[in-house]
Amino acid sequence: MKKYFAKVIVTLKDEVKDTRALAVEKTLKRLEVAENSNFRTGKFYAFDFSAQNEQTALEKLGFICADVLSNPVVEKYEILEFKELK
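This report concerns the structure included in the present document. From a predicted model like this one, the values you see are computed outputs, not experimental measurements.

1. Re the sheet that holds strand β2 (residues 42-51)
Think of a sheet as strands paired side by side through backbone hydrogen bonds, with each pair either parallel or antiparallel. With antiparallel pairing, three strands are arranged side by side in an open sheet as β2-β1-β3. Both edges of this open sheet fall to β2 and β3 (75-85), since each of them pairs with a single strand only. Sheet twist, expressed as the average angle between the axes of neighbouring strands with direction ignored, equals 20°. Bridge analysis of strand β1 (residues 2-12) against β3 gives ten bridges, and the strand direction is antiparallel. Along β3, the bridge assignment pairs Phe-5 with Lys-83. Here helix α2 (residues 54-69) sits on the sheet in contact with β1, β2 and β3, set at roughly 145° to β2.

Below, the structure written as structure tokens:
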């Protein structure tokens, strides 16, 4: 088995209202720090996992992202980094 490392960010889909981001934007506007900032919130994950080869690792990573880390109805994910650990 080989070890792999991934960094993933999960955010709400664009059409889903991000109430946390709206609260941050409201605060930034009140503090006169930023206006029309189009702020978005999300969750960041960094983790190691094992797989037989790179293709299997990518399939496993896709499953982890789509079925474990995110709710595909309202969230999207982006793989920021994927690499084999030496």
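2. Regarding the pattern of salt bridges
Counted under the stated rule, the structure contains four salt bridges. Close ionic contact of Lys-76 with Asp-14 constitutes a salt bridge, the shortest N to O distance being 3.1 Å. In this pair, Lys-76 is assigned in strand β3 and Asp-14 in the loop between β1 and α1 (19-30), connecting sequence segments 62 residues apart. For Lys-76, a relative accessible area of 35% puts it in the partly exposed group. Measuring nitrogen to oxygen at the nearest pair gives 3.4 Å for the salt bridge that ties Lys-83 to Glu-81. Look at Lys-83 and you get partly exposed, because its relative accessible area is 38%. When salt bridges that share partners are traced, they join Lys-7, Glu-81 and Lys-83 into one network.

Basis of the calculations
- Residues numbered from 1 in each chain as written.
- Predicted model: local features only at pLDDT ≥ 70, side-chain atom pairs only at ≥ 80, totals over all residues.
- Heavy atoms only, no water.
- Pairing = 2+ DSSP bridges.
- Helix = DSSP H or I, 4+ residues; strand = E, 2+ residues; numbered from the N terminus.
- Axes fitted to C-alpha atoms, helices over the stretch in contact; angles between N-to-C directions.
- Contact = heavy atoms within 4.5 Å.
- Salt bridge = Lys/Arg side-chain N within 4 Å of Asp/Glu carboxyl O.
- Buried < 20%, exposed > 50% of the residue type's maximum accessible area, 1.4 Å probe, protein only.

So, to be careful, I would describe these as geometric facts and stop short of saying anything about function.
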